[in-house]
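Chain and residue survey
Residue-level listing of the chains:
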Amino acid sequence: MNIPEVGFNHNKTANREIEVIDLEEIYQRKESLNHTPTLPHRVNFYLLIHIEEGEGEHLIDFVSHPYQSGAFITIQKNQVHAFDFSHKPKGKVLLFTQTFIDQALANMRLPEFSPVHLGDTYQPVFVPTPEVLSSTQQLLAEIVKELRHPESNSLIVMFLFSSLSLMLRRVMPENHHDRLSKDQLGKFSRFVELLEQNFHRTRDATHYADKIHSTYKTLNLICKLATNQTAKQLIDAYTILEAKRRLVLDGLPTQQLAYELGFEDASNFVKYFKKHTLTTPSRFQKQFILK
């Protein structure tokens, strides 16, 4: 089973960079989709899923996260995930692109969508208090209403989305990004961007520190503030995560993947992978390909 990559459907949204759909719509129309939502697929946009009724487990980067009524589930851009429709949950799925985030950031105060999934305290599923839940559901409903308005105003959508994001951010499990200054957050975001582009060329933290015009010590401090992990731990976390994705996404043999990820030989890659996952690449691959 190779995992499909799913892009944002601009034709369906009249070229808007944001969309809200009902969960029921996804499992009722799954036959017409070009992928199976309940099987792992990779997205090039962000998702915020709100479970109004029901329970289940959501697979995110090969880890199952249980959810219940009232939960919000966050999916970062480029993550691999799969829905669980076994209990027919009801709710809303908010889809939005990096372009929407960039536009919103240019117009108002909005939390940075940094790669929190690399942190050691990453919790993509959380349930707010009843009071916050009521407010966030109203905001979500207002976003839907504005998107459907015949004279829909993108700025109103951005303000509503910003309010929803800030309200959720305030009650989410500990968010380390709040510890960073604007300059530090900029450096951290740039580091992760460079890591995503170059992890297969180098896993040297000093190289990335130089590229963001910083010192190794400063980069380490920023990474610890942001994620409770060192720069090296983040580099390893991303490398392993991408290795897992490619093992299943592309079905690559271990030797080819080792070469593509910049390892000297397959045995070094297997040792590296096993050190961080306690299993071999081939065993991990079979675990998901056989499903």
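This section reports on the structure supplied with the text. If you're wondering where the values come from, they're calculated on a predicted model, not measured in any experiment. (Residues numbered from 1 in each chain as written. Predicted model: local features only at pLDDT ≥ 70, side-chain atom pairs only at ≥ 80, totals over all residues. Heavy atoms only, no water.)

**A word on the sheet that holds strand S8 (residues 80–82)**
The test is simple: Strand pairing is defined by DSSP finding a minimum of two bridges between the two strands. By definition, any uninterrupted DSSP run of H or I lasting at least four residues is a helix, any uninterrupted run of E lasting at least two residues is a strand, and each is numbered from the N terminus.
Judged by pairing direction, the sheet is mixed, and its five strands sit side by side in the order S1-S3-S8-S5-S6 without closing on themselves. Every interior strand has two partners, whereas the edge strands, strand S1 (5–6) and strand S6 (63–67), have only one. Two elements, strand S3 (residues 41–43) and S8, share two bridges in a ladder whose sense is antiparallel. What sits directly across from Arg42, in S8, is Val80.

**Some words on helix H4 (residues 154–171)**
Because each turn of an α-helix spans 3.6 residues, side chains separated by three or four positions in sequence point in the same direction. Note the following rule: The span expected for a helix works out to 1.5 Å for each residue beyond the first. Buried means the residue's accessible area, taken with a 1.4 Å probe over protein chains only, is under 20% of the maximum for its type, while exposed means over 50%, and partly exposed covers the values in between. For the purposes of these results, a polar contact is taken to be a pair of N or O atoms within 3.5 Å, where, inside protein, one atom must be able to donate a hydrogen and its partner to accept one; residues adjacent in sequence count only when each atom of the pair is a side-chain atom.
End to end, H4 covers 26 Å across 18 residues, agreeing with the expected 26 Å (1.5 Å per residue, within 8%). For H4, the complete set of buried residues consists of Val157, Met158, Leu160, Phe161, Ser162, Leu164, Ser165, Met167, Leu168 and Arg169. The backbone nitrogen of Leu155 lies 2.8 Å from a side-chain oxygen of the residue at the head of H4, namely Asn153.

**Some points on the sheet that holds strand S10 (residues 125–126)**
Applied cut-off: Residue contacts are counted whenever heavy atoms from the two residues lie within 4.5 Å of one another. Here, axes are lines fitted to C-alpha atoms. For helices the fit covers the stretch in contact, and angles between N-to-C directions go from 0 to 180 degrees.
Taking strand neighbours across the sheet as the criterion, the five strands line up as S2-S9-S4-S7-S10 in an open arrangement whose pairing is antiparallel. Lying at the two open borders of the sheet, with one neighbouring strand each, are strand S2 (18–22) and S10. Bridge analysis of strand S4 (residues 46–53) against strand S7 (residues 72–75) gives four bridges, and the strand direction is antiparallel. Along S7, the bridge assignment pairs His50 with Phe72. Packing against the sheet, helix H3 (residues 130–148) makes contact with S2, S4, S7 and strand S9 (90–96), and its axis sits at approximately 110° to S2. Packed onto the sheet, H4 meets S2, S4, S7, S9 and S10 and runs at close to 115° relative to S9.

**What to know about the packing of H3 against H4**
How we decide: Just so you know how the angles are binned, under 35 degrees is roughly parallel, over 145 roughly antiparallel, 65 to 115 roughly perpendicular, and the rest oblique. Left-handed describes a crossing in which the near helix is turned anticlockwise from the far one by less than a right angle; the clockwise case is right-handed.
Put simply, H3 and H4 touch, their axes get as near as 9 Å, and they point 160° apart. On the basis of the axis angle, H3 is roughly antiparallel to H4. For the crossing formed where H3 meets H4, the hand is left-handed. Together, Val132, Ser135, Thr136, Leu139, Leu140, Glu142, Ile143, Glu146 and Leu147 of H3 and Ile156, Val157, Leu160, Phe161, Ser163, Leu164, Met167, Leu168 and Val171 of H4 make up the contact between the two elements.

**Focus on empty space enclosed by the protein**
Rules: Grid spacing is 1 Å over the protein atoms alone, the probe is 1.4 Å, and a cavity is where that probe fits but cannot get out, while a pocket is an open set with protein on both sides within 12 Å along at least five of seven lines and lining residues have an atom within 4 Å of a point. Grid points are joined across faces, edges and corners, and a volume is the space filled by probe spheres set on the points. Residues are sorted three ways: Asp, Glu, Lys and Arg are charged, Ala, Val, Leu, Ile, Met, Phe, Trp, Tyr, Cys and Pro are nonpolar, and all the rest, Gly among them, are polar.
The full count for this structure, using the stated rule, is two cavities of 30 Å³ or more. Reported here for the second largest cavity is a volume of approximately 30 Å³. Lining the second largest cavity, in full, are Leu23, Ile49, Ile51, His58, Tyr67, Ile73, Phe83, Asp84, Phe85 and Pro89. Taken together, the residues that form the lining of the second largest cavity break down as eight nonpolar, one polar and one charged.

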